[in-house]
Amino acid sequence: MEAGGPEPGSGCGGRGISLMLKLFEEYGVFDKNSYDVVLFDVLGDIVCGGFAGPLRKGFNSRIFIVISEEVMSLYAANNIAHAACTFAGNGVRLGGLIVNLRDNNASLEPLERFAEILNTNILAVILRDSLIMESEVEYMTVIEYAPESKPAGLMQNLADKIMSSADSAKGIPTPMTPDQFHQFIRTAFVPC
């Protein structure tokens, strides 16, 4: 399920997350025998109380953070890692990072260092591909739209890693303080 928010300007996105969780409970989505996996997508750019609701209420066993090679993406990921630490007592663990590149020629070295600092792994690197964008236009996943394509294979491989990550997840992340993050960004993205 992709958990969205209200119409722009009409309410809080965190309230949409709270409503989603209420509906999940109402329909028994989290009952042990209902599903093998419950996967939901929430905005991560602001870790407000509403967006942190799944962590606070212990609905998550693992979180996966999608990042790009851009500074603000890493900033948000570091904040989400802080939230994961806050709610680690609820059993929340960081399952890994998923890199969604905006520039296929971007260096992965800073992202690998970032993952190492957070005490986690990069599960997949998703390159920009027109098939993914075409599938979005058709309101389909790339696996549905082009099942034999390279991006579909990458997504299937990522799904397999997510399903098997319970044993390989390193666990509680080690996010940076604001000063440490600033220093990391200043050294990680220095032009050659």
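Owing to the predicted nature of the structure, the values given are computational and were not obtained by experimental measurement.

A. Here's a closer look at the overall build of the protein. For the protein, the helix and strand inventory stands at eight helices and three strands. Starting at the N terminus and ending at the C terminus, the protein contains elements arranged as α-α-β-α-β-α-β-α-α-α-α. Buried positions account for 36% of the 192 residues belonging to the protein. In the protein, of all internal contacts separated by at least 6 residues, the share reaching a separation of at least 24 is 69%. When the accessible surface of the protein is totalled, it reaches about 11,600 Å², and 53% of it is carbon and sulfur.

B. Region of interest: the packing of helix α4 (residues 109–118) against helix α8 (residues 178–188). Between α4 and α8, the shortest axis-to-axis distance is 11 Å and the interhelical angle comes to 155 degrees. Relative to α8, α4 is oriented roughly antiparallel. Relative to α8, α4 is oriented so that their crossing is right-handed. Contacts between α4 and α8 pair P110, R113, F114 and I117 from the former with F181, F184, T187 and A188 from the latter. Residue classes in the contact of α4 with α8 are distributed as six nonpolar, one polar and one charged.

C. Fine view of α8. Among all positions of α8, only F181, F184, I185 and A188 are buried. Looking down the long axis of α8, one finds its buried residues gathered within 95 degrees of arc, a one-sided arrangement. For α8, the exposed residues set more than 90 degrees away from the buried face come down to D179 and R186. Looking at the buried positions of α8, the neighbouring elements they touch are α3 (71–86) and α4.

D. Looking closely at the confidence of the model for the protein. Of the residues in the protein, 82% have a pLDDT of 70 or more, and the chain-wide mean is 83. The secondary structure element of the protein with the lowest average pLDDT is helix α2 (residues 53–56), at 70, and the one with the highest is α4, at 96.

E. The arrangement of the pairing of strand β2 (residues 93–100) in detail. Counting buried residues along β2, six of its eight residues qualify, which places the element largely inside the surrounding structure. With six bridges connecting them, strand β1 (residues 62–67) and β2 associate as parallel partners. Bridging across to β2, V66 finds its partner in I98. Read from β1 through α3 to β2, the crossover connection turns out right-handed. Pairing of β2 with strand β3 (residues 122–126) involves four bridges; the strand directions are parallel. Across the sheet, residue L97 finds its bridge partner in β3, namely I122.

F. Inspection of the side chain of S68 at higher detail. Considering the arrangement of structural elements, one finds S68 in the loop between β1 and α3. Among the polar contacts listed, one links the side chain of S68 to the backbone nitrogen of E70, at a separation of 3.1 Å. With sequence-adjacent residues up to four places away left out, S68 is seen in contact with S73, L74, N100, R102 and L111.

G. α4, seen in detail. Within α4, the full set of buried residues consists of P110, L111, F114, A115 and L118. For α4, the buried positions fall inside an angular range of 140 degrees around the axis, keeping them on one side. A positive backbone phi angle near 65 degrees is found at N119, which sits one or two residues after α4.

Reading the values: the criteria
Residues numbered from 1 in each chain as written. Predicted model: local features only at pLDDT ≥ 70, side-chain atom pairs only at ≥ 80, totals over all residues. Heavy atoms only, no water. Helix = DSSP H or I, 4+ residues; strand = E, 2+ residues; numbered from the N terminus. Buried < 20%, exposed > 50% of the residue type's maximum accessible area, 1.4 Å probe, protein only. Contact = heavy atoms within 4.5 Å. Areas by Shrake-Rupley, 256 points an atom, 1.4 Å probe, with all protein chains shown as cover. Axes fitted to C-alpha atoms, helices over the stretch in contact; angles between N-to-C directions. Parallel < 35°, antiparallel > 145°, perpendicular 65-115°, else oblique. Left-handed = near helix turned anticlockwise from the far one by under 90°. Nonpolar A, V, L, I, M, F, W, Y, C, P; charged D, E, K, R; others polar. Arc of directions from axis to C-beta. pLDDT = per-residue confidence, 0-100. Pairing = 2+ DSSP bridges. Right-handed = clockwise from strand over helix to strand, strands pointing away. Polar contact = N/O pair within 3.5 Å; in protein donor to acceptor, adjacent residues only side chain to side chain.

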